[in-house]
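Here is what each chain is made of, one letter per residue.
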Amino acid sequence: MTFYAFIFYVVAALIIATTALAITRRNLVHAVVYLIFSFLGSAMLFYLFGAPLLAALEVIIYAGAIMVLFLMIIMMVKVESPAERMYPLSQWLPAAGFGLIYLTVGALMVFATPGSEIPLEMALATPKEFALYVFRRHWLSIEVVSLLLLVALIGAFHLGKRKGGNEAEDEV
Amino acid sequence: MIVPFGHVLLLAGVLFLLGLFCAVARRNLIMMVLGVEIMLNAASIVFVAAALHWKQLEGQVFVLFILAVAATEVSVGLAMIVYAYRRTGSFDPGAYNLLQ
Amino acid sequence: MHTAWTQDATLLAAILATLLPFLAFVLIMVATRSWPRLSAGLSIAAVTVSLGCAVFLLEAHWNLEKPIQYTARWLVSGDINIPLGYLLDPTSLLMLTTVALISFLIQVYSLGYMAGDPGFSRYYAFLSLFVWAMMCLALAPNLFQLYIFWELVGLSSYFLIGFWYEKFSASQAGKKALVMTRVGDVSLLLGILLVLLHLGNLNILEIDSPEVAAHMSPNLLTLSALLIFGGIIGKSAQFPLLTWLPDAMEGPTPVSALLHSSTMVAAGVYLFERLFPFFLLSPVAMTVGLAIGAVSMLMAATMAMVSRDMKQILAYSTISQLGFMIMGLDAGSFFSGVFHLTTHAGFKALLFLCAGVFIHKYATNDIFELARQGGRSLKIPMTCTLIGAAALAGIPPLSGFFSKEAILAGLADLSNPVWLAAGLLGVFLTAYYAFRLIFILLFPRTAMALAGAAKVAISPKDRNPPWPPFEKGGNRPSSPFSYGATNTSPFPNGGTKNSPFSKGGPRGIFTVKSAEANAHGPGGPHSGHAAGQHRRVYWVMAWPLIILAGITVMLGFLQSPLETFLGHQYPAVALPEAAHIVWLPYLALILTIGGVGLAWAEFGRRDARQVGFVERIPVLYRLFTERWYLDHFYRLLVDRVIDRGIATLFFENDNKVIDGSIDGMCKGTVAMGRLLAFLNSAMIQYRLLATFAVLVLLSLYLFLKF
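Residues numbered from 1 in each chain as written. Chains lettered and ligands numbered in written order. Predicted model: local features only at pLDDT ≥ 70, side-chain atom pairs only at ≥ 80, totals over all residues. Heavy atoms only, no water.

(A) Seen up close, the interface of chain A and chain B. In this assembly, 84 residues from chain A lie in contact with 64 residues from chain B. Summing both sides of the interface, chain A and chain B together bury roughly 7100 Å²; the carbon and sulfur share of this comes to 76%. Between the two partners, chain A and chain B, sit zero salt bridges. Across the contact surface, chain A and chain B share eight residue pairs in polar contact (both at pLDDT 80 or more). (Contact = heavy atoms within 4.5 Å. Buried area = accessible area lost by both parts, 1.4 Å probe. Salt bridge = Lys/Arg side-chain N within 4 Å of Asp/Glu carboxyl O. Polar contact = N/O pair within 3.5 Å; in protein donor to acceptor, adjacent residues only side chain to side chain.)

(B) The arrangement of the nonpolar core in detail. Among the nonpolar cores identified, the biggest contains 187 residues, and C:W244, C:L271, C:F278, C:F279 and C:F435 are the most heavily contacted of them. Beyond its immediate stretch of four places on either side in the chain, C:F278 contacts C:V195, C:I207, C:D208, C:V212, C:L221, C:S224, C:A225 and C:I228. One finds A:L35, A:L45, A:V134 and B:V48 within the second-largest nonpolar core, a separate group that totals 81 residues. (Core = buried A, V, L, I, M, F, W, Y, C linked by side-chain atoms within 4.5 Å. Buried < 20%, exposed > 50% of the residue type's maximum accessible area, 1.4 Å probe, protein only.)

(C) Looking closely at the interface of chain C and chain A. At the junction of the two partners, chain C supplies eleven residues and chain A supplies eleven residues. There are zero salt bridges connecting chain C and chain A. Its residues placed into classes, the side of chain C that touches chain A shows nine nonpolar, two polar and no charged. (Nonpolar A, V, L, I, M, F, W, Y, C, P; charged D, E, K, R; others polar.)

(D) Summary view of the pairing of strand β2 (residues 80-88) of chain C. Residue and element names in this part refer to chain C. Here strand β1 (residues 68-77) pairs with β2 via eight bridges, running antiparallel. In the sheet register, V76 faces β2, and the bridge partner there is N81. Between β1 and β2, which pair antiparallel and follow one another directly, the connecting turn spans two residues, one of which, G78, has a positive phi of 65 degrees. (Pairing = 2+ DSSP bridges. Helix = DSSP H or I, 4+ residues; strand = E, 2+ residues; numbered from the N terminus.)

(E) Main features of unusual backbone geometry. All names here are of chain C. Backbone torsion omega between F239 and P240 reads 0 degrees, so that peptide bond is classified as cis. Examined against the element boundaries, P240 turns out to sit in the loop between α9 (218-235) and α10 (244-247). For the bond from P396 to P397, the omega torsion is 0 degrees, close enough to zero to count as cis. Tracing the backbone shows P397 in the loop between α17 (379-393) and α18 (399-412). The backbone of A237 shows a phi angle near 55 degrees, a positive value even though the residue is not glycine.

(F) Up close: the packing of α18(C) against helix α24 (residues 583-604) of chain C. Residue and element names in this part refer to chain C. At a closest axis distance of 10 Å, the pairing of α18 and α24 adopts a crossing angle of 120 degrees. In terms of orientation, α18 lies oblique with respect to α24. In the packing of α18 onto α24, the handedness of the crossing is right-handed. Contacts between α18 and α24 involve F401, E405, L408, A409 and A412 from the first element and L584, P585, A588 and L589 from the second. When grouped by side-chain class, the residues that make up the contact of α18 with α24 number eight nonpolar, no polar and one charged. (Axes fitted to C-alpha atoms, helices over the stretch in contact; angles between N-to-C directions. Parallel < 35°, antiparallel > 145°, perpendicular 65-115°, else oblique. Left-handed = near helix turned anticlockwise from the far one by under 90°.)

(G) Main features of the pattern of salt bridges. Residue and element names in this part refer to chain C. According to the stated counting rule, one finds twelve salt bridges over all chains in the structure shown. Note that R372 and E369 form a salt bridge whose closest N and O atoms lie 3.2 Å from each other. Remark: E369 and R372 occur in helix α16 (residues 367-372); sequence separation between them is three residues, near one turn of the helix. In this structure E369 comes out as buried when scored by relative accessible area, which is 4%. K656 is the partner of E652 in a salt bridge, and the nearest nitrogen-oxygen pair spans 2.6 Å. Taken as a pair, E652 and K656 lie in helix α26 (residues 630-681) at a separation of four residues, close to a single helical turn. By relative accessible area, which is 31% here, E652 ends up partly exposed. Here the salt bridges do not stand alone but share partners, grouping K176, D247, R627 and D631 into one network.

(H) A look at a nonpolar patch on the surface. All names here are of chain A. Residues F3, Y4, F6, V10 and M122 make up a contiguous nonpolar surface patch of roughly 500 Å² in combined accessible area. With respect to the secondary-structure elements, Y4 resides in helix α1 (residues 3-23). By relative accessible area, Y4 is classed as partly exposed at 37%. (Patch = residues over 30% accessible without salt bridge, like charges linked within 9 Å, V, L, I, M, F, W, Y side chains within 5 Å. Areas by Shrake-Rupley, 256 points an atom, 1.4 Å probe, with all protein chains shown as cover.)

(I) Expanded view of helix α27 (residues 684-705) of chain C. Look at α27(C): 32 Å from first C-alpha to last across 22 residues, which is about the 32 Å you get at 1.5 Å a residue. Among all positions in α27(C), only C:Q685, C:Y686, C:L689, C:F692, C:A693, C:V696 and C:S699 are buried. The buried residues of α27(C) occupy one face: seen down the axis, they fall within an arc of 140 degrees. Seen from the open side of α27(C), the exposed residues pointing more than 90 degrees away from its buried face are C:V694, C:L695 and C:K705. Of the surrounding secondary structure, the elements contacted by the buried residues of α27(C) are α4 (89-112) of chain A, α1 (5-25) and α2 (29-54) of chain B together with α26 of chain C. (Expected span 1.5 Å × (residues − 1). Arc of directions from axis to C-beta.)

Structure representation (structure tokens):
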């Protein structure tokens with residue numbers, strides 16, 4: 001086992017542990033913070049897999065912007081309602097059941113595929129190479145994504161507007 | 001030489017499962033969206049590992065898009081959650097059952 | 001047959017003999033109901049012509065070597081061909097004559113007996129129906145026609161037993177007779193179907209020929225023989241289906257004389273005679289028949305020993321003698337069975353008709369009552385009863401003696417001596433109960449002496465026999481304590497109106513009045529004869545008695561001519577030569593005289609207490625009067641097994657399983673709908689879960705495919 005493999009397993013353990021903790025917290029803020037750690041781990045993983053730009057973007061956008069947005073909303077909306085019912089059986093049991101089947105099938109599929117034991121080889125995509133590639137080959141998708149962001153912006157803006165008093169005009 | 005590709009896939013699978021569990025088994029809208037985020041993250045791990053496995057950069061490009069879409073979706077989703085909370089007063093999805 | 005039937009005298013005679021009674025039945029039921037004399041005239045004319053034709057046929061074909069068969073095409077289906085027609089051979093001719101003669105005598109007798117009854121025309125219509133059915137049964141060339149007329153005979157029996165239908169117990173008795181014989185008929189039908197399946201048709205001549213053994217394996221032969229024997233058990237009232245016959249005494253006495261002593265119950269034995277070679281092919285069936293005949297004979301004899309009702313004694317005696325006949329036939333001796341059938345028809349009808357005269361005059365069935373009221377003063381009936389009872393007991397030179405000897409000789413041929421012993425015991429018991437009847441009738445006791453005697457004989461525990469929980473007809477098994485309590489008047493208002501039996505329902509324990517006793521009692525329709533009318537009625541009823549008595553006396557001497565006549569019947573069958581055991585007739589005679597002597601000692605002597613030796617043993621007495629608890633057993637069977645067991649099972653199955661499953665399907669559909677609606681309209685997380693589940697299953701499917 002090489003050093004990188006060792007790093008990979010440690011990071012993988014970290015990701016799984018923190019995610020598991022995140023989904024089982026009753027306190028939403030705790031959950032979000034655990035998730036931030038999980039995303040940091042993911043970023044390390046991306047770096048390990050030779051995508052440093054994506055690692056950086058993950059930290060900046062995912063862990064930095066999206067999770068902060070979550071925290072903002074959580075703290076903005078005062079959750080005074082009684083603590084949520086944790087894991088009702090009718091929801092938890094089917095999820096666990098099907099999840100287990102899914103895991104088993106997935107594992108079997110993975111190990112049945114002949115090419116899955118080949119270890120990954122190290123490679124690195126420098127940001128410059130990466131950017132050149134993106135803007136040369138997939139510039140249209142980037143434009144579409146920016147349009148999408150615009151739409152999201154407008155939508156969020158519209159939804160968040162607090163109207164004066166005419167409830168009839170409100171439509172989701 | 002890092003790990004076999006299968007191990008990465010397994011990791012992503014477990015992560016996806018955790019995200020699904022969070023989305024389905026918790027009675028809080030915000031946790032639902034969080035679960036979706038976790039699932040998206042798992043998918044992006046797979047994409048990056050695949051890019052490494054087959055030495056194609058498309059995988060990483062797609063992760064870019066996933067990131068953008070995730071941001072979009074979270075913002076709009078959370079805005080809707082806030083709006084819905086103002087209308088019904090709770091985060092419990094059981095309260096949002098207008099069709100029943 | 002394509003010969004013009006008007007030119008063939010035999011065919012013409014057969015057609016006339018059988019169809020004229022049917023014509024009479026139809027005419028009476030349709031047209032002449034309101035003219036009783038005309039109906040009676042029609043019926044008697046028809047049966048007279050039938051008798052003439054039967055005698056003609058018997059006389060013309062006295063030396064018949066091969067059977068004559070006339071058939072008309074009826075049922076043809078593929079390979080199966082079942083015709084209608086007539087089969088004339090010695091047995092059928094003999095049976096035809098017997099039926100015709102006894103029907104004729106009884107129809108004449110009924111002119112006197114049933115005079116004044118409101119259902120007079122109906123009575124004669126049913127009698128004609130019976131005559132038609134019985135004759136066509138006797139002449140049937142195949143089992144299917146025989147079965148049809150077998151059922152018709154049962155039907156007319158039902159009509160006639162329940163003739164006074166206003167009385168509840170009479171209609172119950174009719175129903176019981178029909179249902180019990182029907183049980184036997186199911187078995188008969190199964191046997192017939194088995195034969196049809198394997199043989200291809202049901203012609204009696206073919207069944208009696210040796211080639212039937214080529215078509216059916218021995219086990220099948222035994223099975224079908226046993227099934228057909230089941231039908232015989234039902235119709236001839238053998239064990240275990242014997243309790244309908246005593247109850248059938250609710251019908252008018254001429255009906256009992258005709259149907260339930262000489263002809264209808266003899267149809268079972270007649271069927272046996274018809275299929276004698278067929279039964280011979282299966283030794284197991286013969287042994288079973290022997291056993292059942294023996295059991296019935298002895299059982300019925302014991303029941304007759306304790307009965308107080310004259311007609312019931314005679315009914316039990318019929319069962320016993322039929323068992324005896326079946327024993328004779330099953331022993332392999334064809335002639336003895338047929339002979340005893342013929343002689344029994346004669347003297348049993350005689351006995352019943354004499355009983356009818358007594359009942360008509362004194363309006364009670366109870367023998368002690370009849371004796372006390374002066375029964376022995378009626379000379380002709382008393383003499384004929386004596387002759388009949390002597391023939392029944394087997395006293396020479398009456399006909400009963402000869403036929404009994406023939407049967408005992410046949411039984412002696414068997415390797416197992418137990419049958420002969422049973423037969424001899426039966427002879428002893430028969431003599432005993434026959435002469436018990438005679439002595440009680442001849443030597444009446446005064447009221448005080450009998451009451452005192454009875455009190456001493458029976459233990460206190462038996463003073464009140466338990467009320468039977470079921471309907472057993474109007475004639476209760478009587479205890480000696482009913483003496484003196486029989487004078488109930490069933491018509492307190494004295495009116496007859498249309499139905500003299502306005503009080504239906506079960507009678508009290510201590511009366512022995514049957515339906516016909518009521519008919520003849522004060523207020524009944526038969527009671528209002530003027531003196532001159534009485535004399536005419538008496539002589540109309542007496543002439544048949546005299547004729548029958550003459551036949552009883554003479555028939556014994558016709559044994560050898562009849563033997564040669566019937567010897568042509570089954571020449572192919574090797575009948576065993578009766579080994580002449582010299583001491584057998586003497587032994588039988590000694591037993592007969594012993595039985596008579598015992599009866600004399602108990603009933604006939606001057607100071608005899610008139611209580612039989614059986615009546616002194618309460619356990620036996622109870623057993624015999626309750627008909628060996630057979631009726632109890634049947635009631636239990638019907639109540640527990642059939643009603644609560646099988647019927648309830650099917651009812652619950654119908655409700656819970658069949659209806660329940662359909663309801664369950666509906667409920668399931670509704671539940672499924674709710675589930676699907678739940679998936680559609682419930683919380684969003686469930687829908688998410690459903691999506692995930694579908695994806696997992698899809699991945700599983702794809703994985704398994706590759």
